[in-house]
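# Secondary and tertiary structure notes
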Amino acid sequence: METTEENKRRKLLEQAKTVSQAFNLGTSAAIQDVVDELDLQAAKRVKAGFNEVTFTCGVLNCFLILFIFGNCPQHFWLLYLIESIYFIPTRFSQMIRAVPNQAFYYFDYCWIMNFCGFVALLIMMFGKALLPELFIRVLFFAAYGSACGPLLASNMTLSFVALIFHDVGSMTSLFIHINPPMLLYILRWKSKEVIEAWPNTFELDYAVDFFPSAEKTFVQSVFGATTILYFIWFVLYTIWQLSVGLNLPKNQGKYDTVFHSTMRGGLCIQIGKFFWKRSVNLSQDQMKTNNFELRDFAVYMAFHAIGAIGSLLILAYPCSLSKYAHGSFLFICLITCTWRGAQRYTYYSTEMYSNLIRKQFALELIGNATSGGIVESGGTKKCM
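Residues numbered from 1 in each chain as written. Predicted model: local features only at pLDDT ≥ 70, side-chain atom pairs only at ≥ 80, totals over all residues. Heavy atoms only, no water.

All right, on to unusual backbone geometry then. In the segment running from Val99 into Pro100, the intervening peptide bond is cis, with an omega of 0°. Structurally, the position occupied by Pro100 is in the loop between helix 4 (76-97) and helix 5 (109-126). Positioned with a positive phi, Asn290 is a non-glycine residue whose angle comes to about 60°. Here Asn290 is to be found in the loop between helix 11 (280-289) and helix 12 (294-321). The buried category is assigned to Asn290, whose relative accessible area is 8%. (Helix = DSSP H or I, 4+ residues; strand = E, 2+ residues; numbered from the N terminus. Buried < 20%, exposed > 50% of the residue type's maximum accessible area, 1.4 Å probe, protein only.)

Now for the confidence of the model for the chain. Taken as a whole, the chain shows an average pLDDT of 86; of its residues, 79% reach a score of 70 or greater. In this model residues 373-384 is a low-confidence stretch, pLDDT under 50, and it forms 22 contacts with partners more than four residues away in sequence or in other chains. (pLDDT = per-residue confidence, 0-100. Contact = heavy atoms within 4.5 Å.)

What follows concerns the pattern of salt bridges. As enumerated under the stated definition, the model contains five salt bridges in all. Note that Asp256 and Arg264 form a salt bridge whose closest N and O atoms lie 2.7 Å from each other. Across the salt bridge formed by Arg295 and Glu293, the nearest N and O atoms sit 2.5 Å from each other. Residue classification places Glu293 among the partly exposed residues on the basis of a relative accessible area of 22%. A network of salt bridges, in which partner residues are shared, links Arg278, Glu293, Arg295 and Asp296. (Salt bridge = Lys/Arg side-chain N within 4 Å of Asp/Glu carboxyl O.)

Taken N-terminus to C-terminus, the directions of helix 3 (residues 52-71) and helix 7 (residues 168-189) make an angle of 10°; their axes are 12 Å apart at the nearest point. By the angle between their axes, helix 3 is roughly parallel relative to helix 7. Judged by residue contacts, Gly58, Cys62, Ile65 and Phe69 of helix 3 engage Met171, Asn179, Met182, Tyr185 and Ile186 from helix 7. Of the residues contributing to the contact of helix 3 with helix 7, the split by class is seven nonpolar, two polar and no charged. (Axes fitted to C-alpha atoms, helices over the stretch in contact; angles between N-to-C directions. Parallel < 35°, antiparallel > 145°, perpendicular 65-115°, else oblique. Nonpolar A, V, L, I, M, F, W, Y, C, P; charged D, E, K, R; others polar.)

Right, dumping it as C-alpha cells:
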C-alpha cells in the first residue's frame, strides 16, 4: 500500500506534461529524501553523544590518564577507582535501555574480571588486618595474570575496543580492557613509589613467581591463581548459559548475551563452515532467530579457554619478567586502539554519508522502476 508521500509523488509525476518535468520532480523528491536521511543520521549521532562536550571530555580524560600514569603513577590506582565508579554504572544504564536488553553482557569474562579487580583492590587496601597475607598475595597474582593476559590480549584482538572519544560505551570498553594492565604495571613495576606515597595502604613487595615450583604451590603462582580464577568463571558461566542464557534471545527475546551477539556478527557462519560443513543459509537462519546449536557454544567456549590460557603464556609471562615487555605491550595496545578509533572517525566524516547517499538514490531508482513512474524504453525516458 502506498504511503502518503509516495502517493503525493506519483500524482506530481502524473501531472507533469513533459519528460523533463517528470524527471526534475522525481530528482527533487529523491534529493529531499537523501537530505532527510542525512539529517536523521546526524540526529542519531548527536543523541548517541557525538557533540563538542562529550568529545572534549573524552580527549581530556585520555590526557589525564596518560599524565597520571607517566607523572604520578603512585596515584593511578585512585584514578582507576574513580573512573570505574563513573564508567561502569553509566555503561550499565545504557545497556539495560538497549533493545534487546544487554544487562547480561556483565556476565562476560572481561566485565567480571573488572568487578573482581575493583573488589581485589579494595581488599588489598583495607583487608590486611582481616585477611591472611597469603590470601591477599594470591589475589594479587590472580589480578596480575588476568589483567596482563586475557584483558591485555583483548585490546589487540577485539575490533570494538577503540579510542572513540565521544562515545561513552566505546570508552568504557576501552577502559575495562586497557586500564587494568596499566594499573598492574604500576603496582608491579612502580611498587616502591606507591608504597612510599601510601605506606599504610598497600603491601606490594611480593616475589612474583609466574609458574609453580618446589617452593611455591600451584595457587601461589601467577599462572596457577589466574587459571583457577578463570575456570571458576568458566564453569559458572557455562552452567548459566546452558540453563538460562542460551534461551534468552531466541525468537526476538528481550535479552541478549555476548555469545549471541558474537555469533550474529558472523562467527556462526565461520564455525558452521569450518567444523560442521553447515550451509551458509542455515547459519544465517540461526543468526536471525538466535537459535544456535549446543556444539557451536562448545566450540566458542573451548576457543575462549584456549585464548585465555594462551594469553597468559604469550603476554602475561613476559610482562612478569620485564617492565620493558609490559610497557611495550601497552604501547602496542595504545597504537592499535587509536588506529581503530581513527578508522571510525574517518568513516563518520567520509564513507558513512556517501554510502547513505548511494543507498537512498538506489532505493529511489528501485521505487521509480516498480511504481510505474519513470522507466527506460529504447534508451528514451518516458513518463508512464
